[in-house]
Amino acid sequence: MNKILHFIILKYFKIIPMNKLLKLFKTIYCKYKNLKKEYWTHILVGFTYMFTITTIGIFFQCIINKHSQNIFILYLLFALITYSFLLILIILFIFISKFSNIKITDKFLLKNKIYNIIWNIGNIISIIIITFILYIVFRDSILPYIH
């Protein structure tokens with residue numbers, strides 16, 4: 001009975017074996033860890049923190065001074081457009097120049113535990129922001145077809 005159930009689960013539900021899944025996560029982790037040696041990731045994290053801190057500051061400013069939500073929405077729209085533009089500039093700069101061939105060798109940036117935490121949080125925030133930007137850009141073109 002156990003063998004039959006195992007065969008049905010593997011055959012119809014396409015479950016990935018644990019060793020392949022572990023190998024996939026290990027590969028993704030190694031590639032993510034190697035991104036720390038790239039200059040553009042540090043620049044992106046810097047832009048992300050600037051965007052996040054100014055957005056939070058404007059949000060609290062609108063709450064404290066009881067401004068309308070229109071000011072915050074206009075700022076957020078402007079900031080998202082600026083962030084998208086800077087992201088495109090970074091991508092173009094990487095492809096056009098030989099900037100992508102230069103690697104970071106500084107031990108302070110690679111081995112510092114506090115900076116490592118800051119860099120990882122910045123990457124998580126940038127992924128959230130980029131997902132939000134992609135959602136705003138593609139929501140009208142994709143969402144009508146989902147239903």
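Residues numbered from 1 in each chain as written. Predicted model: local features only at pLDDT ≥ 70, side-chain atom pairs only at ≥ 80, totals over all residues. Heavy atoms only, no water.

Examining helix H2 (residues 18–34)
Okay, step 1: Across its 17 residues, H2 extends 24 Å between first and last C-alpha, which sits within 8% of the 24 Å expected from 1.5 Å per residue.
Okay, step 2: Within H2, only zero of the 17 residues are buried, leaving the element largely exposed. (Helix = DSSP H or I, 4+ residues; strand = E, 2+ residues; numbered from the N terminus. Expected span 1.5 Å × (residues − 1). Buried < 20%, exposed > 50% of the residue type's maximum accessible area, 1.4 Å probe, protein only.)

What to know about a nonpolar patch on the surface
Okay, step 1: Judged by side-chain polarity, Ile56, Phe59, Phe60, Ile63 and Ile64 come together as a nonpolar surface patch covering roughly 500 Å² of accessible area.
Okay, step 2: Position of Ile63 relative to the elements: it lies in helix H3 (residues 39–64).
Okay, step 3: Classification of Ile63 by relative accessible area gives partly exposed; the value is 45%. (Patch = residues over 30% accessible without salt bridge, like charges linked within 9 Å, V, L, I, M, F, W, Y side chains within 5 Å. Areas by Shrake-Rupley, 256 points an atom, 1.4 Å probe, with all protein chains shown as cover. Salt bridge = Lys/Arg side-chain N within 4 Å of Asp/Glu carboxyl O.)

Comments concerning a positive patch on the surface
Okay, step 1: Among the surface-exposed residues, Lys33, Lys37, Lys107 and Lys111 lie close enough to one another that they form a single positively charged patch.
Okay, step 2: Within the secondary structure, Lys37 is located in the loop between H2 and H3.
Okay, step 3: Using a relative accessible area of 38% as the deciding quantity, one classes Lys37 as partly exposed. (Lys, Arg positive; Asp, Glu negative; His and termini not counted. Charge placed at Lys NZ, Arg CZ, Asp CG, Glu CD.)

What about H3?
Okay, step 1: If you check H3, its first and last C-alpha atoms are 38 Å apart, about what 26 residues at 1.5 Å a residue would give, namely 38 Å.
Okay, step 2: Residues of H3 that are buried: Thr41, His42, Leu44, Val45, Thr48, Phe51, Thr52, Thr55 and Cys62.

Details of the confidence of the model for the protein chain
Okay, step 1: Here the protein chain shows a mean pLDDT of 75. Residues at 70 or above account for 77%.
Okay, step 2: At the low end of the mean pLDDT range in the protein chain sits helix H1 (residues 2–13), at 57; at the high end sits H2, at 82. (pLDDT = per-residue confidence, 0-100.)

Topic: the packing of aromatic side chains
Okay, step 1: Tallying each qualifying case throughout the model produces two aromatic pairs.
Okay, step 2: Between the aromatic rings of Tyr32 and Trp119, the centroid separation amounts to 5.3 Å while the plane-to-plane angle is 40°, which identifies the pairing as tilted. Taken together, the positions of Tyr32 in helix H2 and Trp119 in helix H6 (residues 113–146) put the pair 87 residues apart, joining distant regions of the chain.
Okay, step 3: According to the relative accessible area criterion, Tyr32 is partly exposed, its value standing at 28%.
Okay, step 4: Taking 5.3 Å as the distance between ring centres and 40° as the angle between the ring planes, the aromatic pair formed by Phe51 and Tyr83 counts as tilted. Of this pair, Phe51 sits in helix H3 while Tyr83 is found in helix H4 (residues 69–96), placing the two residues 32 residues apart along the sequence. Both residues of the pair, Phe51 and Tyr83, count as buried. (Phe/Tyr/Trp six-rings, centres within 6.5 Å; stacked < 30°, edge-to-face > 60°.)

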